[in-house]
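Here is how the chains run, residue by residue.
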Amino acid sequence: MAARRLDGKAMAEARRSEIARRAGDVAHRRGTAPRLVVVLATQDEAALTYAQAKERLGGKIGVRVDVARPAVASTDELVAAVQDLGADPSVDGILIATPLSRGFEARKVQNAVPVEKDVDGAAEASLGKLLTGQPGFVPATAEAVIALLEGHGVAIDGRHAVVVGRSLTVGRPLAQLLLTQGATVTTCHSRTSDLAVHTLRADVLCVAAGRPRLVTGAMVRPGAVVVDVGTTVVDEVLTGDVDYPGVAAVAEAVSPVPGGVGPLTSVLLLEHVVRAAEAALR
């Protein structure tokens, strides 16, 4: 029997109407829409495409998304530009597009974003809140994985979850969120020997390694739930970290690429902007 498809598109659409309602309420109360500024200090085409996609989505749900291209030549200058945005009361959320151009120190720039406007949970202060269980924004992609699982009725509490990938943007935050949900978590990465030994033990397998078709059907326990977080363009086709046909033949459920985690990530990021705007009104 073919695996159940963990579709994120319908879930994202369902959330959009509620986010639009909340964004409209903010606009009514203060006279301006919730506002996200995407700081683009890179020539990376994928980063530009990502920013433009946020602009389009924001326009559909009542969140203003501006792309800022600061004329800076050093990390200190970029940090100062981000700090200026942080001090601007009209800005509710700040997102640093990555990868930054060569010469900029990404961690310093991320840490310049005030925690209350760090809507993608990238600064060390935000990651510290996640680790210690304090309220705050968490990386949207990691949160989208949890939302996808919960939305499809996949149990997490008491199960063995394996996360392949240890980035600060997805792998590590996701492992922490799974722990918070009651899972026993194993984190694998590029230095893990015999990856299949670990993936075959997973009840819930989340793959965020950035390596196309890394996980095959032979690496998945029959009946497992598999979430593919990878997005790499291969021969002009967006490709995940999971070999979907092979994995779908053995798994109980698997998320597609595109159409799984991605749509939820975009919506959750803008939901964070609305949350930040709501908090500023209190």
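Residues numbered from 1 in each chain as written. Predicted model: local features only at pLDDT ≥ 70, side-chain atom pairs only at ≥ 80, totals over all residues. Heavy atoms only, no water.

Engineer: Would you mind showing me how to read the sheet that holds strand β5 (residues 160-164) here?
Structural biologist: Hydrogen bonds between backbone groups are what pair the strands of a sheet, and the pairing can be parallel or antiparallel. Pairing in this open sheet of six strands is parallel, and the strands run β1-β11-β8-β7-β5-β6 from one edge to the other. Whereas interior strands pair on both sides, the edge strands pair on one side only; in this sheet they are β1 (4-5) and β6 (184-188). Those strands touched by helix α7 (residues 171-180) are β5, β6 and β7 (204-207), and its axis lies near 170° from that of β5. (Pairing = 2+ DSSP bridges. Helix = DSSP H or I, 4+ residues; strand = E, 2+ residues; numbered from the N terminus. Contact = heavy atoms within 4.5 Å. Axes fitted to C-alpha atoms, helices over the stretch in contact; angles between N-to-C directions.)

Engineer: Quick question: what am I supposed to make of the packing of aromatic side chains here?
Structural biologist: For any pair of aromatic rings, the description rests on two quantities: the centre-to-centre distance and the angle between the ring planes. Inspection of every chain in the model, using the stated rule, returns zero aromatic pairs. Across the ring face of Tyr50, the terminal group of Lys54 is positioned such that the distance to the ring centre comes to 3.6 Å. (Phe/Tyr/Trp six-rings, centres within 6.5 Å; stacked < 30°, edge-to-face > 60°. Lys NZ or Arg CZ within 6 Å of the ring centre and 35° of its normal.)

Engineer: Help me out: how do you make sense of the environment of His272 in this one?
Structural biologist: By the element assignment, His272 lies in helix α10 (residues 261-281). Residue class for His272 comes out buried when judged on its relative accessible area of 1%. Residues His272 and Tyr244 lie 28 residues apart in sequence; the distance between their C-alpha atoms is 31 Å. Sequence-distant contacts of His272, defined by excluding residues within four places in its chain, comprise Val119, Phe137, Val138, Ala140 and Glu143. Side-chain polar atoms of His272 contact the backbone oxygen of Val119, separated by 2.7 Å. (Buried < 20%, exposed > 50% of the residue type's maximum accessible area, 1.4 Å probe, protein only. Polar contact = N/O pair within 3.5 Å; in protein donor to acceptor, adjacent residues only side chain to side chain.)

Engineer: Which parts of the structure should I look at to understand the side chain of Asp118?
Structural biologist: Position of Asp118 relative to the elements: it lies in the loop between α4 (106-111) and α5 (124-132). Although Asp118 is buried, it forms no salt bridge, and the closest oppositely charged side chain is Arg107 at an N-O distance of 7.3 Å. The residues contacting Asp118, other than those within four sequence positions of it, are Ile94, Val113, Ala123, Ser126 and Phe137. (Lys, Arg positive; Asp, Glu negative; His and termini not counted. Salt bridge = Lys/Arg side-chain N within 4 Å of Asp/Glu carboxyl O.)

Engineer: Even after reading the chapter, I still don't get the pattern of salt bridges, so can you show me in this structure?
Structural biologist: For side chains of opposite charge, pairing can occur when their charged atoms come near one another. Inspection of the entire model under this criterion finds 13 salt bridges. Here the salt bridges do not stand alone but share partners, grouping Arg15, Arg22, Glu271 and Glu278 into one network.

Engineer: Explain the sheet that holds strand β4 (residues 93-96) here, please?
Structural biologist: Strand order in the open sheet made by the three strands is β3-β2-β4, with parallel pairing throughout. With partners counted over all chains shown, the strands left at the sheet margins are β3 (64-68) and β4, one partner each. Neighbour-to-neighbour, the strand axes of the sheet open up by a mean angle of 20°, direction not taken into account. Examined bridge by bridge, strand β2 (residues 35-39) and β3 share five bridges and lie parallel to one another. Looking at the pairing, Val39 lines up with Ala68 of β3. Contacts from helix α3 (residues 75-87) reach β2 and β4 within the one sheet, and its direction differs from that of β4 by about 160°.

Engineer: Even after reading the chapter, I still don't get the pairing of strand β8 (residues 225-228), so can you show me in this structure?
Structural biologist: Within a regular beta strand, the side chains point alternately toward one face of the sheet and then the other, so they alternate between its two faces. Here β8 shows no split at all, with Val225 and Val227 on one side and Val226 and Asp228 on the other all buried. Here β7 runs beside β8; their pairing, made up of four bridges, is parallel. By the bridge assignment for β8, Leu205 is matched with Val226. As judged from the two bridges shared by β8 and strand β11 (residues 253-254), these two strands associate in the parallel manner. By the bridge assignment for β11, Val225 is matched with Ala253.

Engineer: What am I meant to see in the nonpolar core here?
Structural biologist: The nonpolar side chains of a soluble globular protein tend to be buried, and buried together. Leu36, Leu178 and Val227 are the most contacted members of the largest nonpolar core, which has 54 residues in total. By residue number, the principal contributor to this core is α10, which donates nine residues. Setting aside chain neighbours within four positions, we find Leu178 in contact with Ile146, Ile156, Ala161, Val163, Ala183, Val185 and Cys206. (Core = buried A, V, L, I, M, F, W, Y, C linked by side-chain atoms within 4.5 Å.)

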